[in-house]
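Commentary on secondary and tertiary structure
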Amino acid sequence: MAVEEQRAGSRFSRPENRLVRRGFTDPARAVRLLEGPGLEGLADDPLLLDALGATADPDLALLGLARLLEAADETDRHTLRDTLTTSKPLRDRLLGVLGVSTALGDHLARHPHDWHALVTFELRDMHPGPEDFRRALADGVRAEGHGGALGPANALRVAYRRCLLAIAARDLTGTTDLAQTAAELADLAGATLQTALDLAAEQDPQAAAACRLAVIGMGKCGGRELNYVSDVDVVFVAEPREGVDEQEAVKAATRLAAALTRLCADTTGEGTIWPVDANLRPEGRNGPLVRTLASHLAYYQRWAKTWEFQALLKARPVAGDAELGAAYVEALAPMVWQAAARENFVADVQQMRRRVVDSIPATELDRQLKLGPGGLRDVEFSVQLLQLVHGRTDPALRSGNTLEALAALSRGGYVGRADAASLDAAYRFLRSLEHRIQLYRLRRTHLMPTADEDLRRLARSLAALINDDTRADPVAALQREWKRHAMEVRRLHEKLFYRPLLDAVAELPPGATGLSPEAARARLEALGYADPAAALRHLSALASGVSRKAAIQRTLLPVLLGWFAESADPDAGLLNFRQVSDALGRTPWYLRLLRDESAAAEQLARVLSAGRLAPDLLLRAPEAVAMLGDPQGLEPRGRAALQSEMLAAVGRAGSTHAAVAAVRSVRRRELFRTAAADVLGRLGEDPAEALDTAGEALTALNAAALGGALRACVAGWEAEHGDLPTRISVIAMGRFGGHELGYGSDADVLFVHEPLLGSLEEEAARAAQAVCHELRSQLGAPSTEPPLLVDADLRPEGRSGPLVRTLASYAAYYRRWSHVWESQALLRAEPVAGDEELGARFRQLIDPLRFPGNGVPERDLVEIRRIKARIEAERLPRGADPTTHTKIGRGGLADVEWTVQLLQLQHGHEVPALRTTRTRAALAAAVAAGLVGQEDAEVLDAAWVLASRVRAAVMLVRGRPGDSFPGEARELAGVARYLGYGSGHSGELLDDYRRVTRRARAVVDRLFYGSG
């Protein structure tokens, strides 16, 4: 030791070295303080130095002690010095506070006599209650307020901090635990509100005589789990005294409530106690500050939202008229415990939690103890949601205190004992950490500090709660403990809600605690399952038994149930999962993939509960689940790769039917790939980008399928008749040619052929007709694979004309008989399959028709407008709403496309960029050419994108195409979810759609019809 001290002597003297070993970080200043006024003679007192070294921050504790002794009068200083050296309990309490809180040190420096409050509550078994605090506050106001130097308001604040000093001392020395400390803080808050109300009544006796006023504690104050520094949430309820008009009584009560709020929140003099927050009242800030009990009841019966009932769970009378406060809680309690039966109950609670997380600045997300993922609010929301679900039938769960409610949930079997203990420990640690952070400056904060000295002080003050040894590296030990508890909180949410559901239906090991079947059904119903009985049957089928499959399912299902419950149709998600598992459950890789790849499991859950199309495609070949486990598994494949795979499959097939079946099988798999990627948001961050990507993928897929089927049908014809005497090309039309296909789109096409040299034209025509007819028949035939309906009705003469024509026949028809609508339809013609050279020549043939050299003659312009108006008048389905029909409704797809196509017909000959089959590209080209204003183009583009996305969503959700919004509530909710709207916001989607398309229709009226 002598050698070590000699080495240290170059930096520190012997006294400084002793201080370093005791944890001081600025020993030189510590020596000066110990030799300064008030502490003279104590520098060599080992008991005092050891006590300082045991505090969270010895430097801070010594500084606070020096300031206190310097500020005290001579008599008090002598008494304090004597007590410090002879009374270990007092010494530990005082130095413990000074080593954690610079704010309470400041208070003692201003009011040095208040250290005696640490002696007042020195008995270990003494826990002051509300009446003790009321007496202490009243005595303080009486002694120093009325006629004293401080005045009543400042005297109340000084007395409040004197009580706070005593609470902190017991907390920091372990005399009270977290729950008792939080309860004492809430009792002190209630006593403060009562004292402030008494002062307000003294200042306005007329108001006090006119009304009865009760103050209802909400939030942490109501739950007796308050922080050191927090807004105190309250609700005010009043009743007139006998003979007083109700309106006058409410006005009087409002004056009292406002005065109470000012007394607590005023920042002058001794500073704020805490803000009184009445924003949880009916209508929030927009509502009256005070209401009668009848007015409160009327609001909650008619207008209150789910979160308002959740807030009322903690309501407790804390000040004012006790009888009225009790009547308020008694009257509202039945509504609170029926809140879980409300429509969208769980969705509302979950959405509220998501909004809280989303509101956290990105720079604070990883430092938030209260609001962030794995924080205190996660614990509180989980416990409250379980209380509201099961408290309807179990009064034992109806506590406003989080830890008491958690214990009751455990006793009742709603939460496993181990999980409850783990969550209890995490909550106590996080709240204790929050308390220590707030105590430092008595400021309202829930953020972990970043400075090493702050983290070191926190770690030393919480050493008893940290599993690791904090002596070597206290900061690292604190960080590890915090992260461990945060991860545990995040993990336990899914277990709290979903694990017991399996316990209710599965054969589990002895001692496992689960729900009764009745309670399980109640929880499923509250979580949004429309048919809880069916859901329980599915769970039983999946999780019962002792097989390895059932064991893995019991591990997976709690997480999956949570993901299903976040969707618009959790019942469908669970049913689809059961069906996929029934098909693949004995396949070794399937459950292993879901168990080991959490991303794959989540993606599967999202896909299975997002609608019917993707699950239907998956159920026809469940092995496609494997692509969810591949990071690149959902990336769209290009036309070349698809064409190559399909042609290879055709080459291996033994018949035309088998070859086209192979093509359709590949198409089904790729449809699932695209639909799953779309549902999961993997096609692009921007909605328009995702829409374009989906359109390109579906176009490439159908083009490849047509190419593969054409090859198969040609091979089949040649196997029977010899070489085909003609060449065939397939021309895409409509949305197919525009690369704008949706999931339910037909493949609009034209067939063109050209006889080979030396072949008879009639023979070639019969062969081409047979091949093209077979292609349509094979691709559209009933099968386990989804059909591809090939529609050739846009051909010359429509259904009355031949299915396939020669290039010369097309030329003759268009030269003599073509109508302007056919030129318009050809704007989106593009060769996609078959003979490429013939397709290119067809394109050369039609270019003069679709991009006429002199634009559109006036008579054709009138005809186009007439046709469009006739379509609007005659083709809208009976009963359809023209404001929400995506295809031919006002501002819908047809409006935008016809407007863009008219510009192409008029100006395509002079603006090369307009010669595109794509609507959005042509619109952008029109803007670049100055034909359309930027603002008008953005309005049209937004409407077209939204209408196209709605059609895609309808197909994904319903599994069949539709041009209108679904009428069934769950289907409409699914469409809204796909479009980015939260649960319960389907109405907003409809309003937004009407607004966007209404603006588009105004532009169409100007640009297309020439009005305005």
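Note that the coordinates shown come from a computational prediction; the quantities given were computed from them, not determined experimentally.

To continue, consider unusual backbone geometry. Look at Arg224: it is not a glycine, yet its phi comes out positive at around 55 degrees. For Arg224, the location among the structural elements is in the loop between α14 (219-222) and β2 (232-240). One non-glycine residue, Glu797, lies in positive phi territory at about 70 degrees. By the element assignment, Glu797 lies in the loop between β8 (790-791) and β9 (804-806).

Turning next to the packing of aromatic side chains. Geometrically, a pair of aromatic rings is defined through the distance of the ring centres and the angle of the planes. Overall, the coordinates contain 11 aromatic pairs when judged by the stated rule. Measuring from ring centre to ring centre gives 5.9 Å for Tyr300 and Phe309, while their planes differ by 55 degrees; the resulting arrangement is tilted. Accessibility expressed as a relative area gives 3% for Tyr300, which makes it buried. Consider the rings of Trp589 and Tyr590, whose centres lie 6.3 Å apart with planes at 90 degrees: the pair is edge-to-face. Residue Trp589 is classed as partly exposed on the basis of its relative accessible area of 28%. In this structure Tyr590 comes out as buried when scored by relative accessible area, which is 0%. Through pairs of rings, three or more aromatic residues link up here, namely Tyr810, Tyr813, Tyr814 and Phe842. Residue placement shows Arg457 over the ring face of Tyr440; its charged tip is 3.6 Å from the ring centre. Over the aromatic face of Trp482 sits the side chain of Lys483, whose NZ or CZ is 3.9 Å from the ring centroid.

Here helix α18 (residues 322-336) spans 21 Å end to end across 15 residues, near enough to the 21 Å set by a 1.5 Å rise per residue. Along α18, the residues classified as buried are Leu324, Gly325, Tyr328, Leu332, Met335 and Val336. Along the long axis of α18, the arc covered by the buried residues comes to 105 degrees, so they all point the same way. Along α18, exposed side chains directed more than 90 degrees from the buried face belong to Ala322, Glu323 and Glu330. Buried residues along α18 sit in contact with β1 (211-217), β2, α16 (293-302), α17 (306-312), β5 (316-320) and α20 (376-390). With a side-chain oxygen lying 3.2 Å from the backbone nitrogen of Glu323, the N-terminal cap of α18 falls on Asp321.

Soluble globular proteins: nonpolar side chains tend toward being buried together. Among the nonpolar cores identified, the biggest contains 147 residues, and Phe577, Leu706 and Phe751 are the most heavily contacted of them. It is helix α34 (residues 687-721) that contributes the most residues to this core, 17 residues altogether. Setting aside residues no more than four positions away along its own chain, Phe751 makes contact with Ser729, Val730, Cys772, Leu775, Arg776, Val790, Ala792, Leu803, Val804, Arg805 and Tyr810. If you look at the next biggest cluster of nonpolar residues, it comprises 83 residues, including Ala51, Leu185, Ala207 and Leu213.

Moving on to the confidence of the model for the protein chain. Residues with a pLDDT of 70 or more make up 95% of the protein chain, whose mean pLDDT is 90. Segment residues 1-12 is flagged for pLDDT under 50; beyond a separation of four residues in sequence, or across chains, it makes eight contacts in the model. Contacts for the low-pLDDT stretch residues 507-513, under 50 throughout, to residues beyond four places or in other chains number nine contacts.

Bringing the environment of Glu566 into the picture now. By the secondary structure assignment, Glu566 is in the loop between α27 (548-565) and α28 (570-584). With 304 residues separating them in the primary sequence, Glu566 and Arg262 have C-alpha atoms 43 Å apart. Reaching out from Glu566, the side chain makes a polar contact with the side chain of Arg606 at a distance of 2.9 Å.

Here we take up the pairing of β1. Most of β1 sits inside the fold, with six of its seven residues counted as buried. As paired strands, β1 and β5 are joined by four bridges and run antiparallel to one another. Each residue of the ladder has a partner; that of Val215, found in β5, is Ala319.

A regular strand places its side chains so that they alternate between the two faces of the sheet. When you tally the buried positions in strand β6 (residues 726-732), you get six out of seven residues, the bulk of the element. Pairing of β6 with strand β7 (residues 747-755) involves seven bridges; the strand directions are antiparallel. Of the residues in β7, the one forming a bridge with Val730 is Phe751.

How each quantity is defined
- Starting afresh in each chain, residues are numbered from 1 along the sequence in its written order.
- At least 70 in pLDDT is required for a residue's local features to be given in this predicted model, at least 80 for side-chain atom pairs to be given and counted, and no such filter applies to totals for whole chains, interfaces and linings, which use all residues.
- To get the side-chain values, all heavy atoms of the structure are used, and hydrogens and water are removed first.
- Going along the chain from the N terminus, every DSSP run of H or I of four or more residues is numbered as a helix, and every run of E of two or more is numbered as a strand.
- Centre distance within 6.5 Å is the pairing criterion for rings of Phe, Tyr and Trp, where only the six-membered ring of Trp is used; planes under 30 degrees apart are then read as stacked, over 60 as edge-to-face, and the remainder as tilted.
- Exposure is judged per residue with a 1.4 Å probe applied to protein chains only, and the accessible area is read against the type maximum: over 50% gives exposed, under 20% gives buried, and values in between give partly exposed.
- Two conditions define a charge sitting above a ring: the NZ of Lys or the CZ of Arg must be within 6 Å of the ring centre, and it must be within 35 degrees of the ring normal.
- Working rule for helices: expected span equals 1.5 Å times residues minus one.
- What the arc covers is the set of directions going from the helix axis to the C-beta atoms.
- Whether two residues are in contact is decided by their heavy atoms: any pair within 4.5 Å suffices.
- Pairs of N or O atoms within 3.5 Å make up the polar contacts considered here, provided that, within protein, one atom can donate a hydrogen while the other can accept it, and that residues adjacent in sequence are counted only when both atoms are side-chain atoms.
- Nonpolar core, defined: a set of buried Ala, Val, Leu, Ile, Met, Phe, Trp, Tyr and Cys residues in which side-chain atoms within 4.5 Å join the residues together.
- Within a predicted model, pLDDT stands for the predictor's per-residue confidence, ranging from 0 to 100.
- Here, a strand pair is defined by DSSP locating no fewer than two bridges between the strands.

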